[in-house]
Amino acid sequence: MTTPWDDLWIDAHLATMAGNGVPYGTIRDGAVAARDGRIAWIGARRDLPDAPVRCARAVHELGGAWLTPGLIDCHTHLVFGGTRVGEFEARCRGDSYEAIARRGGGILSTVAATRAAPDAELHRSARERLRALLAEGVTTIEIKSGYGLDRPTERRMLATARAVGRELGVEVRTTYLGAHTVAPEFAGRADAYVDFICNEMLPGLAAAGLADAVDAYCEPIAFTTEQIARLFTRARALGLPVKLHADQLSDSGGAALAARFGALSADHLEYASEAGIRALAAAGSVAVLLPGAWHTLRATRRPPVADLRHHGVPIAIATDCNPGSSPTLSLLLMLNLACHCFGLSPEESLAGVTRCAARALGLGADRGTLEVGKRADLAAWRISEPAELSYWMGHNPLLEVIAGGKHVISA
């Protein structure tokens, strides 16, 4: 070789997740090389063009570990103030999520805590949560706003999300979720609040480059399809892609609405109709399933996984980390729950936090699989087979994380 690679990882098995017809895209006794933060070569070790020490400036032996793409958590609400442990206790007594929200709890209680939180506390707590996810192999994460609902707090949330990602070496994609619930200043005036978002919030955030996408909550306790359509029309006009909390508590037409606007993803989907799923398939949108919320809320209706498979809708999995309905910081646990609660296979679950999760963020061409040209985001695991990542509960077999070709964490 005339120009050696920067790094070469050998003595590893590869779960490339490249969808090449081989389970997990497996390459046993494989090797991965990186140059300038991108995968420059991948294949069986025996096919390397020269001895490893002559191929790369640095050679890393992994002792028979498995390499997967860096994991992607494509739906979180990671930046917030306070907790909602009191609501957790109320749900343990039998109260429903909707009942708690209607008597002033739920999202608005976190809005109050987040508005009151100093910048330093928002930053510290978000950084701590992100470190926990990084320690489970996450290299890319989506973080939503939506616990400010006013101009200064929403901007603080988005800026904090970007800042903690830079500090920890994790790629953060920020999503503006102003239409999470009606801001208290607009109580009883949902249409006026949507106007405020469209006319004042969105243009400023787009100009500042603080948001990579726009989300909304489509449910009778939140916003109607007509209100969200106005919001999405404005977002698309400003060049911002959209995604939607859809059909979680009822069939509100959310899946069809998301498809109508070419949404990156429709998330939750427990009550989505088959017509809505067909629309998502036609639009190329991803279904993001959130087993943590399903478990926490003691839901009984499962997402329509069979219909999603039948119509070819990609299925992603995420933590939905938030203080109310999914207080979890374990993406690995979500893999296990997706298998046990939703009937996904371990391979589908791993694809849901790699290949499909990348698509849910509009990043499918850049990451989510181990392929030449993609970002060198890798997670190394002490496991005997990739299915172990879904098998264990409460065990983290991570060995190390590489993001953009750079080592960022070791177990």
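Below is a summary of the structure that appears in this document.

### So, the packing of aromatic side chains
Any aromatic ring pair is given by two values, namely how distant the centres are and how the planes are angled relative to each other.
Alright, step 1. One pass over the structure, following the stated rule, counts nine aromatic pairs.
Alright, step 2. Ring geometry for Trp 294 versus Phe 342: centroids 5.6 Å apart, planes at 85°, classification edge-to-face. Taken together, the residues span a long stretch of sequence, with Trp 294 in helix 11 (residues 291-296) and Phe 342 in helix 13 (residues 331-342) at a distance of 48 residues.
Alright, step 3. For Phe 342, a relative accessible area of 6% puts it in the buried group.
Alright, step 4. A cation sits over an aromatic face here: Arg 129 above Phe 80, 3.6 Å from the ring centre.

### Section: helix 10 (residues 274-283)
Alright, step 1. If you check which residues of helix 10 are buried, you get Gly 276, Ile 277 and Leu 280. In an axial view of helix 10, the angular spread of the buried residues amounts to 100°, which keeps them on one side of the axis.
Alright, step 2. Check the buried side of helix 10 and you find it contacts helix 9 (254-260), strand 10 (265-268) and helix 12 (305-311).
Alright, step 3. Looking one or two places after helix 10, you find Gly 284, whose phi comes out positive at around 75°.

### A closer look at the layout of surface pockets
Alright, step 1. Taken as a whole, the largest pocket holds about 360 Å³ of empty space.
Alright, step 2. Lining the largest pocket we find 18 residues, and of these Ala 101, Leu 108, Thr 181, Val 182 and Ile 221 sit closest to its centre.
Alright, step 3. Elements with a contribution of two residues or more to the lining of the largest pocket: helix 3 (97-102) and helix 4 (107-116).
Alright, step 4. Tallying contributions element by element places helix 3 first for the lining of the largest pocket, with three residues.
Alright, step 5. By residue class, the composition of the lining of the largest pocket is 12 nonpolar, five polar and one charged.
Alright, step 6. If you add up the space inside the second largest pocket, you get close to 290 Å³.
Alright, step 7. Every residue lining the second largest pocket is counted, 17 residues in all, and those nearest its centre are Glu 98, Leu 249, Leu 297, Arg 298 and Ala 299.
Alright, step 8. Counting residues per element, the ones that place at least two in the lining of the second largest pocket are helix 3 and helix 11.
Alright, step 9. In terms of residue class, the lining of the second largest pocket is built from six nonpolar, five polar and six charged.

### So, empty space enclosed by the protein
Alright, step 1. Using the criterion set out here, one finds two cavities of 30 Å³ or more in the structure.
Alright, step 2. Taken as a whole, the largest cavity spans an internal volume of roughly 130 Å³.
Alright, step 3. Lining the largest cavity are 15 residues, and of these Tyr 97, His 180, His 245, Asn 322 and Ser 325 sit closest to its centre.
Alright, step 4. Looking at the lining of the largest cavity residue by residue, the classes come out as five nonpolar, eight polar and two charged.
Alright, step 5. If you add up the space inside the second largest cavity, you get close to 50 Å³.
Alright, step 6. Pro 69, Gly 70, Ile 72, Thr 139, Thr 140, Arg 367, Gly 368, Thr 369, Leu 370, Arg 375 and Asp 377 together form the lining of the second largest cavity.
Alright, step 7. Along the lines of polarity and charge, the residues of the lining of the second largest cavity split into three nonpolar, five polar and three charged.

### Let's talk about the side chain of Arg 91
Alright, step 1. Among the structural elements, Arg 91 can be located in helix 2 (residues 85-92).
Alright, step 2. Of the buried charged residues, Arg 91 lacks a salt bridge, with Glu 87 as the closest side chain of opposite charge at 4.5 Å.
Alright, step 3. Not counting residues within four places of it along the chain, the set of residues in contact with Arg 91 comprises Ile 100, Thr 296, Leu 297, Arg 298 and Gly 324.

### With respect to the pattern of salt bridges
Alright, step 1. Evaluation of the coordinates by the stated rule reveals 24 salt bridges.
Alright, step 2. Here Asp 50 ties to Arg 54 by a salt bridge, and the two come within 3.0 Å at their closest N and O atoms.
Alright, step 3. Owing to a relative accessible area of 27%, Asp 50 belongs among the partly exposed residues under this scheme.
Alright, step 4. In this structure Arg 54 comes out as exposed when scored by relative accessible area, which is 52%.
Alright, step 5. Residues Asp 366 and Arg 367 are paired through a salt bridge, measuring 2.5 Å at the closest nitrogen-oxygen approach.

### Some words on the sheet that holds strand 14 (residues 398-403)
Alright, step 1. Taken in spatial order, the seven strands of this open sheet run 3-2-1-4-13-14-15, and their pairing is mixed. Unpaired on one side and paired on the other, strand 3 (38-44) and strand 15 (406-410) mark the two borders of the sheet. On average, adjacent strands in this sheet sit at an angle of 30° to one another, irrespective of strand direction.
Alright, step 2. Bridge count between strand 14 and strand 15: four bridges; the pairing is antiparallel. In the sheet register, Ile 402 faces strand 15, and the bridge partner there is His 407.

### A short note on the sheet that holds strand 7 (residues 171-179)
Alright, step 1. Strand order across the open sheet formed by eight strands is 5-6-7-8-9-10-11-12, with parallel pairing between neighbours. Edge positions in the open sheet fall to strand 5 (71-73) and strand 12 (315-317), since each of these has one partner strand only. Each strand of the sheet is rotated relative to its neighbour by a mean of 25°, with strand direction disregarded.
Alright, step 2. Docked against the sheet, helix 6 (residues 151-168) engages strand 6 (138-144) and strand 7, running at close to 165° with respect to strand 7.
Alright, step 3. Relative to the sheet, helix 7 (residues 190-208) contacts strand 7 and strand 8 (213-218), its axis offset from that of strand 7 by approximately 150°.

Thresholds applied
- Position numbers for residues count from 1 along each chain, tracking the sequence in the order it is written.
- Residues qualify for local features only when their pLDDT is at least 70, as the model is predicted, and side-chain atom pairs are given and counted only at 80 or more; totals for whole chains, interfaces and linings, by contrast, use all residues.
- As a rule here, side-chain values come from all non-hydrogen atoms in the structure, and water together with hydrogens is ignored.
- Pairing of aromatic rings covers Phe, Tyr and Trp, the last counted by its six-membered ring, and requires centre-to-centre distances within 6.5 Å; plane angles under 30 degrees mean stacked, over 60 mean edge-to-face, and any other angle means tilted.
- Only DSSP runs of H or I covering at least 4 residues are called helices, and only runs of E covering at least 2 are called strands; the numbering of each starts at the N terminus.
- Accessible area is worked out with a 1.4 Å probe on protein chains only. A residue is then buried under 20% of its type maximum, exposed over 50%, and partly exposed in between.
- Charge-over-ring placement is defined geometrically: NZ (Lys) or CZ (Arg) within 6 Å of the ring centre, and within 35 degrees of the ring normal.
- Note: the arc covers the axis-to-C-beta directions of the helix.
- Throughout, a residue-residue contact means that at least one pair of heavy atoms, one from each residue, lies within 4.5 Å.
- Buriedness for pockets is judged along seven lines, at least five of which must meet protein on both sides within 12 Å for an open set on the 1 Å grid over protein atoms alone, while cavities are sets there where a 1.4 Å probe fits but cannot get out, and lining residues have an atom within 4 Å of a point.
- Grid points are joined across faces, edges and corners, and a volume is the space filled by probe spheres set on the points.
- Three residue categories are used. Nonpolar comprises Ala, Val, Leu, Ile, Met, Phe, Trp, Tyr, Cys and Pro, charged comprises Asp, Glu, Lys and Arg, and polar comprises the others, including Gly.
- Under the convention used here, Asp and Glu are negative, Lys and Arg are positive, and both His and the chain ends fall outside the count.
- The salt bridge definition used is simple: a Lys or Arg side-chain nitrogen within 4 Å of an Asp or Glu carboxyl oxygen.
- A pair of strands is considered paired only if DSSP assigns at least 2 bridges between the two.
- Working convention: axes come from line fits to C-alpha atoms, limited for helices to the stretch in contact. Angles between N-to-C directions cover 0 to 180 degrees.

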